[in-house]
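# Breakdown of the fold
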Amino acid sequence: MPKGYKLLTFLVAFIGNLSLVVTGQLNPVFILLGGLFIVGYIRSLKGLPQANRYVIGVGSTIILGIFLLDSFVVTGDVIVGVAHLSLLFHALKSFDIKDPWDPLQVFFMSLIQLLLASELTRSMLFGVSFVIFIVLMVLAIFYSHLIKEGHRDLRPFIKPISLLALSVFVLTTVVFILSPRLQGSLWGKPLSKGMRSGFRENIKLGGLGNIKLDPSVVMRVSISPRPKDTPYWRGITYDIYKNGQWLSLLNKKNTLYGINGKFDISTPPDKKIFKQDIILEPLDTDVIFSLRFPVRLEVETRRIRVDQNMTIYIPEKKNKRIHYVVYSINTPLKVIKGSEQYYLNIPQGMKRTIELARKITRGLKDKQMKAQAIKNYLIKNYTYTLNVKDPEGVNPIENFLFNTKKGYCEHYASAMVMLLRAVGIPARVVSGYLGGEYNKYGGYYIVRQKDAHTWVEASIDGNWVRFDPTPSGPEGSPTLVMLYLDYLKLKWERYVVQFSRYDQLRIFRALSMPLSLKWLKQMKVKAALLVGLIVSIFIISMVYLFKSRRTRSYAEPTRLYLDILKRTSIKGNLTPLEAYNSFRSDDVEIKKAFLEFIELYQLLRFSTKKDEGVIRRLRELHRLLKSYLK
Amino acid sequence: MKIRATREGKRFVLAVLVVGFAALNTGNNLMYLIFSMLFSVLVISLALPYLNLRGIKVDIEVEEPVYANTETFIGITISNTKQLLPSYSIRFLIPGLMDEGVYIEQVGPHSTMRFERKIRFKKRGYLTIRDFKLLTSFPFIFFEFQSVPEGKMGILVYPELMAVEEGFLEPSSLETESGTISRANGEDVHGLREYRPGDSIREIHWKATAKRGELMVKEVYEAVPKNITLVLDNTPAQEEALFEKAVSLAASLCTEFIKMGYSLRFITCAKTIPFGSGMEHLFKILDLLAVIKRVDRLDCPLKELERGTLYLILASPTSPFNRYASRAKRVFYAERL
Amino acid sequence: MRWIEELEQILSSVIKGKKEAIRLAVVALLAKGHLLIEDVPGVGKTTLALTLAKATDCSFHRIQFTSDLLPSDILGVHIYNQEKRQFEFNPGPIFANIVLADEINRTNPKTQSALLEAMNERKVSIDRNTYKLPVPFMVIATQNPLEYHGTFPLPESQLDRFMLHMRIGYPNYEDEKKALMEMKDFETVEGIKPVVSRQQILDAQAMAERVHMDESIYDYLLQIVTATRRHEKIRLGVSTRGAQFFVRAARAHAFVNGRDYVVPDDIKTVAPNVLAHRIILKSRTYIRDAEEVIRSIVERVPVPV
């Protein structure tokens, strides 16, 4: 077996292993054991003999035992168990590469690894390994073809093989787009464990503390137009505070059924609608997020539920990544008549709070002014910190207001709601996310767990008006590379992982009316450039491949001679002199020039003379004949 | 064009189906991605071999004369008549004759490649080669495409030539036996005698003259054409293998005699090739020997055997032609070779 | 070279309308080759040979081959000189620069082979003595076409010794008329003055050998030769010796045309004359059929560019 083939086998095994390791779901012990395949291939590349077949036999038996133990007792997950098994297989096989068909088993195992990885992760790293895998796979099967034909050198085939890999890429894209998707493919088994979120129907005050340190991405939102203010991504509203917990009791949900994944939540007024295109990571809640007043939703599911606080639930979403588009209007939510009383409830024994509230709002009549005063008071007199420990048996709100005077958003918001309620203004706590990084390369927001936030809504003049009493903390600006990477991640999420029937439909529609103005308008300049670039690279490589086959590299005299022959359209297997004899022209000078051209060409081509003067004369004659033959 | 899925190919198709089903079932787009890749590879491994073989023409010529069991050159010209596409990794073979075949790494559009290989025909006779094969599975190993280029080729394979022992030919004795003494123009001196008036000055043997001191004249044999008649017994009373041997011996003897410049006649039952010399004459005889068969008749009388020196080639002494043995200069028995 | 043109001019003044034949004769001379002319009697073969000899200041002998011609009649004999009491070599007619062997197929094979051996070796061996033939040495043999009776056709192995063969053929009407009107035959030939010395011929032969031949031309030549070995109509193709003659003839042809390098046209022009008498066709045919086959082969082999 040629060394190159062994190396290729190693690389294919490596990329297979890598695709599994980057899922982060494997046991480090198995990763270490699997790493032995590097030793095996180094041995093999050095030309050392393969291991004794009894050793291999015993090794296989042990591995099988480990697999059974691992997948049914230790890990308890068959997929992870098989993944572990595949690592061990590669390690064992690396010591047993002898005939040219052994690598085929390795390729096949790597393919299985890739399949396993596709079930264990959604990460873009999978995409990277996948692309490398395509290239290596094409190369590897091609090489095995060559070896089957008894040919060992890959070099003469570099051009066709690169073209081949390119075609596999293009074709893969086409097949990926065209493959049929079943409706509601959300019923697949959720595999990602999902992130903790602060959003349940009852949250314990202080529970958000850990989450505020978590940099993992919750969602990416393309939004148009970009809002001028920091966006507040609304999640759940809480109305009752009881025993240190906020509860959401007023959450009577209506179920809505959509048409083709479109849901009208409320009749949109003539107001301007703005669109948010959101990819939400798996969270352990079925709440989805939106800005302001959501009026319409597009998501690939059969039904959604909406409560009167305009919180939207997707029952089938749990622990899955989801892509949805929500349309909102830029107006505050309306207060439902007769519901105000529920937002005035203050738990027993919070007299100090009530007193404080009265003190702050003394002399102010307007509800708006009162609320503003409370907000200012909190911002001015309290310190933001994540380092809060609420002792047992103490009311966390009063502890914040009067003892520690330190806390984070939950404390601020809860305190403000209680202070508002104390002066008779109905108020509630809203939890969701605040802001996020704006990625100007992709034109979208990256919202992370650490952006989790709670704020206040107060009922003023029949509207729920937003107040955020939390002072803003310091912010670092992300690096350029990070932004680009995140942009790629968004695209990967949006166009690969979340690719759906609706996308297919959109593409088909666009293709069926390729010249419609709407489509052209929608297509961004950048995207057009990118498509153009890809297409031209493809065309150029095709032309390069074919062209270089057609015209062999001739020396200049021959090129000029062939050029003239082509122009005279003299055809056939003729010697130069015969070509001259079959050249018809009434112009004696041209005839003479042709003869001289032929003689000089022959002199340069077939004699040992390489005189620069002769070449110049040949060029001259070539120009002359060319202009005559035009 | 015939398509055959290899063992790997069958497995691969199965894998594509399984992954496709899994993708549809889970709705996992990453699995769709893998499926798309596998499907693309499948499409390519079906489309490319087809394109690869299309427009490939094969021309064959064999270096003649061809002798059985002797290596001969075969020239194979493979041309790609496609306008744009090159073809890669094609194997050309002739089953039974050139099983190893010719491997073409690549042949560009509108270009031609030439190969030379040694082949060996096992038997004499007129052979028609029909089933040429072009094979490719480029670029992968999953499907093998096979096409049968048009055209057939007829080749006349001469009998195998064997080494003939020098003694079999005995040229010197040949000449003396059939010559008659005269004092004509030949060059081979038989004797000397004294010069008599009227003798041509050209006939004086100067060496002898010098030795004896008087003019001596050469006596020479007439340079008679050295005629040989070769008879090959092709009556049916002999085994196939022995007959083949006899044919092979006949071909070898004829070749040797012609090379030595004799005038040769070749007689078999049913067909006779009259006296002649030169390579063309030899090829005429070899043409006959290439296709000669045993006749149905048990016996056929041979005529005019007295002209030229007679050689008999018989399978064994039991041959009916053995009765001419007394007249023959030499009799060869195939069974004794 | 000046004298080549003059030589050709002189030749064409005595043999009308046979430019190509004349050029081939000069090519054969400069390539140190022998020439076989295959034709009916009386088309000017003798004139051509004699003129060539006269114009090049060469000695000339003509041997008329007959059925009773002996090898010694060509090569020469040792004669005992009784006065000196020793043998003296009496050289035969082959000892000349240019030898016309007329109707070579009329003699017996033994005499034929004596001539051909001498042609090949360029020396004569008699009774253990070896005599070198003069330089330049060139045999112009003529042979009647094979349909004539009473001939001994030259064996193929002997034909191979001739570098070139050609057919002169009857002149066309105009040329023949001209020839008759001018009616200069031997008288004129006798009066021809040499235009070149023997030494110049020898120098030219040496120069012709050094004519450059590009590798692609070698390929072209060899492809033609190989094709004769694989042709459906050909039973026996051109031998290696034939290929060597081919190279020499192509070089000389380039030289005669005033070039010091060979071009594809040289190959294509001389191919039928160098190759046709070296192949055996499958069907019994005349040499002109062989020429036709060679021409068709040359048409098919791609010309190098």
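Residues numbered from 1 in each chain as written. Chains lettered and ligands numbered in written order. Predicted model: local features only at pLDDT ≥ 70, side-chain atom pairs only at ≥ 80, totals over all residues.

### With respect to the overall build of chain C
The helix and strand tally for chain C stands at 13 helices and 11 strands. A separation of at least 24 residues holds for 77% of the contacts in chain C among residues at least 6 apart in sequence. (Helix = DSSP H or I, 4+ residues; strand = E, 2+ residues; numbered from the N terminus. Contact = placed C-beta atoms within 7 Å.)

### What to know about the interface of chain A and chain B
In this assembly, 38 residues from chain A lie in contact with 35 residues from chain B. In terms of residue class, the side of chain A that touches chain B is built from 21 nonpolar, 10 polar and seven charged. (Nonpolar A, V, L, I, M, F, W, Y, C, P; charged D, E, K, R; others polar.)

### A few points about the confidence of the model for chain C
For chain C, mean pLDDT is 85; residues scoring 70 or higher make up 91% of the total. In the model output, the complex is listed with pTM 0.63 alongside ipTM 0.87. (pLDDT = per-residue confidence, 0-100.)

### Topic: the environment of Y327 of chain A
Residue and element names in this part refer to chain A. Relative to the assigned elements, Y327 resides in strand β14 (residues 322–329). Take Y327: there are 19 C-beta atoms within 10 Å of it, and that puts it in the partly exposed class. Sequence separation between Y327 and F293 is 34 residues, and the spatial gap between their C-alpha atoms is 8.4 Å. With residues up to four places along the chain from it excluded, the contact list for Y327 reads I273, K275, V295 and R296. (Buried ≥ 20, exposed ≤ 12 C-beta atoms within 10 Å, placed from the backbone.)

### What about the interface of chain C and chain A?
The interface is formed by 14 residues belonging to chain C together with 12 residues belonging to chain A. Tallying contributions element by element places helix α12 (residues 264–275) of chain C first for the side of chain C that touches chain A, with three residues.

### What to know about the sheet that holds strand β3 (residues 232–238) of chain A
Residue and element names in this part refer to chain A. Strands sit in the order β10-β3-β17-β20-β21 across an open sheet of five strands; the sheet is antiparallel. For this open sheet the edge positions go to β10 (290–291) and β21 (463–467), each flanked by a neighbour on one side alone. Where β3 and strand β17 (residues 427–434) come together, six bridges link them in antiparallel fashion. Residue R234 lies in a different strand from β17, and its bridge partner there is G432. Sheet strands in contact with helix α10 (residues 367–381) are β20 (452–460) and β21, and its direction is about 155° off that of β20. (Pairing = 2+ DSSP bridges. Axes fitted to C-alpha atoms, helices over the stretch in contact; angles between N-to-C directions.)

### Section: the nonpolar core
Inside soluble globular proteins, nonpolar side chains tend to come together where they are buried. Core analysis: the biggest nonpolar cluster contains 98 residues, and A25, V27, A28, L30, L164 and A249 of chain C have the highest contact counts within it. Formed jointly, this core draws a minimum of three residues from each of two domains, domain 1 (1–206) and domain 2 (210–305) of chain C. By size, the runner-up hydrophobic cluster in this structure holds 73 residues, among which are A13, M137 and V168 of chain A together with V41 of chain B. (Core = buried A, V, L, I, M, F, W, Y, C linked by C-beta atoms within 7 Å. Domains from an automatic or database assignment.)

### Considering the packing of helix α19 (residues 588–606) of chain A against helix α20 (residues 612–629) of chain A
Residue and element names in this part refer to chain A. In the contact formed by α19 and α20, the axes pass within 9 Å of each other and the chain directions differ by 140°. Taken together, the axes of α19 and α20 lie oblique to each other. When the axes of α19 and α20 are compared, the crossing they make is left-handed. On α20, the residues touching I590, A593, F594, E596, F597, L600, Y601, L603 and L604 of α19 are V614, I615, R617, L618, L621, H622, L624, L625 and Y628. Here the residues of the contact of α19 with α20 sort into 15 nonpolar, one polar and two charged. (Parallel < 35°, antiparallel > 145°, perpendicular 65-115°, else oblique. Left-handed = near helix turned anticlockwise from the far one by under 90°.)

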